[in-house]
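Letter by letter, the chains look like this.
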Amino acid sequence: MISVITPVYNGEKFIEACLQNVINQNFAEVEHIIVDGGSTDKTIDIIKHYANQYSHIRWISEKDRGQSDAMNKGIAMARGAIIGILNVDDFYEPKVLSRILELFKTLPEPSLIVGNCNMWDHQNSLIHINKPKRLRSVDLLMQKQINDDGMIDVTFPVNPSAYFYHKSLHQQIGVYKVEEHYVMDIDFLLKAVKVAYVKYSNEIWGNFRYYPGTKTFDDSTNGTNKTRIQQLFKEYAKTLSIIEQWEIRLNRIMIFIPLRIFYFSKYPQRLPQSIMNRFMKSISYLNSK
């Protein structure tokens, strides 16, 4: 069985679509656990309405200490051997859950499987497809690579709607940090890839709404998210071997140089003035010969 856990607080805008998304998977071996933080809008009324009709929906509503605490409550309630986290405003592709169960039948325990994730803006326009192909600890800590257009791709899985794992994984790495309210999923993944069998599948499984007003978007826009991630990466990098730490440093240098060349080839006017002056002097010298 797959246990899909949805933490929610005052999510009346999306909770019905979230419940329907799991229902429309037409998958018998699932339970959908809704962990509500004591909503004051119509969220609970909507949950009750669907829970009275569908036995796979289980829910609680009580004050919690944030999203990590809510997810941990859901994990404690979970009856399934496989966990999926589905935030209230995200959604799965059709028939994903049956595909996930099929894959897990051949995998050792504990395993973590990761697929691709669509990123949508507030106008429902597709802005990016996250394809986290490289999932070693070192690869995740590098976090970025250059795609075919010379632009940076985030190689980290951007949203839990596109990955699933054995519940037993938490016995080895612990649960989500209750005191962490922003990068709890990144912290989880960095721990998970160290002990789990990790498999990437080049299939779109999840959909992530990334738009103003959401915690992730606002935190990224104001720059605090980057600071949190850098600090987290710095702490985890200390746990790597010396060889792995040097691999990260060398990779960053190899990424930085071609990226800067590509950028300034497109925007030469943005070259630092000192470099531009040297370039112009070189041109003048060659023309005088």
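This report concerns the structure included in the present document. Because the structure is a prediction, the values reported are computed rather than measured.

## Re the overall build of the chain
So, point 1. Assigned secondary structure in the chain consists of eleven helices and eleven strands.
So, point 2. Here the analysis covers contacts within the chain between residues at least 6 apart in sequence; of these, 77% occur between residues at least 24 apart.

## Some points on the packing of helix α1 (residues 15–23) against helix α2 (residues 43–51)
So, point 1. Running from N to C, α1 and α2 cross one another at 25°; their axes reach a closest spacing of 9 Å. Classified by the interaxial angle, the pair formed by α1 and α2 is roughly parallel. Judged by the twist between their axes, the crossing of α1 over α2 is right-handed. Taking contact as the criterion, the partners of Ile15, Glu16, Leu19, Gln20 and Ile23 in α1 are, on α2, Thr43, Ile46, Ile47 and Tyr50.
So, point 2. Of the residues contributing to the contact of α1 with α2, the split by class is six nonpolar, two polar and one charged.

## What about helix α3 (residues 67–77)?
So, point 1. Buried residues dominate α3, accounting for nine of its eleven residues.
So, point 2. Among the residues making up α3, those that are buried are Ser68, Asp69, Ala70, Met71, Asn72, Lys73, Gly74, Ile75 and Met77.

## Some words on the pattern of salt bridges
So, point 1. If you walk through the whole model with that rule in mind, you get seven salt bridges.
So, point 2. The salt bridge partner of Glu62 is Lys73, with a shortest N-O separation of 2.7 Å. With a gap of eleven residues between them, Glu62 in the loop between β3 (57–61) and α3 and Lys73 in helix α3 connect regions that are remote in the sequence.
So, point 3. Residue classification places Glu62 among the partly exposed positions, given a relative accessible area of 39%.
So, point 4. The exposure class assigned to Lys73 is buried, which follows from its relative accessible area of 17%.
So, point 5. The partner of Asp187 in a salt bridge is Lys191, with the nearest N and O atoms 3.3 Å apart. Of this pair, Asp187 and Lys191 both sit in helix α7 (residues 184–195), four residues apart, which is roughly one turn of the helix.
So, point 6. Its relative accessible area of 4% is what places Asp187 among the buried residues.

## Some remarks on the nonpolar core
So, point 1. The biggest cluster of nonpolar side chains holds 34 residues, and the ones touching the most others in it are Leu112, Tyr165, Tyr176, Ile186, Phe188 and Leu190.
So, point 2. Among the elements that line this core, the one with the most residues is α7, at seven residues.
So, point 3. Dropping the residues within four chain positions of it, Phe188 is found in contact with Tyr163, Tyr165, Leu169, His170, Ile173 and Tyr176.
So, point 4. Ranked by size, the runner-up nonpolar core spans 32 residues in total, among them Cys18, Ile23, Ile47 and Tyr50.

## Considering the packing of aromatic side chains
So, point 1. This model, assessed by the stated rule, comprises seven aromatic pairs.
So, point 2. Centre to centre, the rings of Phe164 and Trp205 are 6.3 Å apart; their planes meet at 65°, and the pair counts as edge-to-face. Highlighted residues: Phe164 in strand β10 (residues 163–166) and Trp205 in strand β11 (residues 197–209), separated in sequence by 41 residues. Each of the two residues, Phe164 as well as Trp205, counts as buried.
So, point 3. Put simply, the rings of Tyr163, Tyr165, Tyr176 and Phe188 touch in pairs and so form one group of aromatic residues.

Here is what the cut-offs are and how they apply
- Residues numbered from 1 in each chain as written.
- Predicted model: local features only at pLDDT ≥ 70, side-chain atom pairs only at ≥ 80, totals over all residues.
- Heavy atoms only, no water.
- Helix = DSSP H or I, 4+ residues; strand = E, 2+ residues; numbered from the N terminus.
- Contact = heavy atoms within 4.5 Å.
- Axes fitted to C-alpha atoms, helices over the stretch in contact; angles between N-to-C directions.
- Parallel < 35°, antiparallel > 145°, perpendicular 65-115°, else oblique.
- Left-handed = near helix turned anticlockwise from the far one by under 90°.
- Nonpolar A, V, L, I, M, F, W, Y, C, P; charged D, E, K, R; others polar.
- Buried < 20%, exposed > 50% of the residue type's maximum accessible area, 1.4 Å probe, protein only.
- Salt bridge = Lys/Arg side-chain N within 4 Å of Asp/Glu carboxyl O.
- Core = buried A, V, L, I, M, F, W, Y, C linked by side-chain atoms within 4.5 Å.
- Phe/Tyr/Trp six-rings, centres within 6.5 Å; stacked < 30°, edge-to-face > 60°.

Fair warning: the whole summary comes from geometry, so function is off the table for now.
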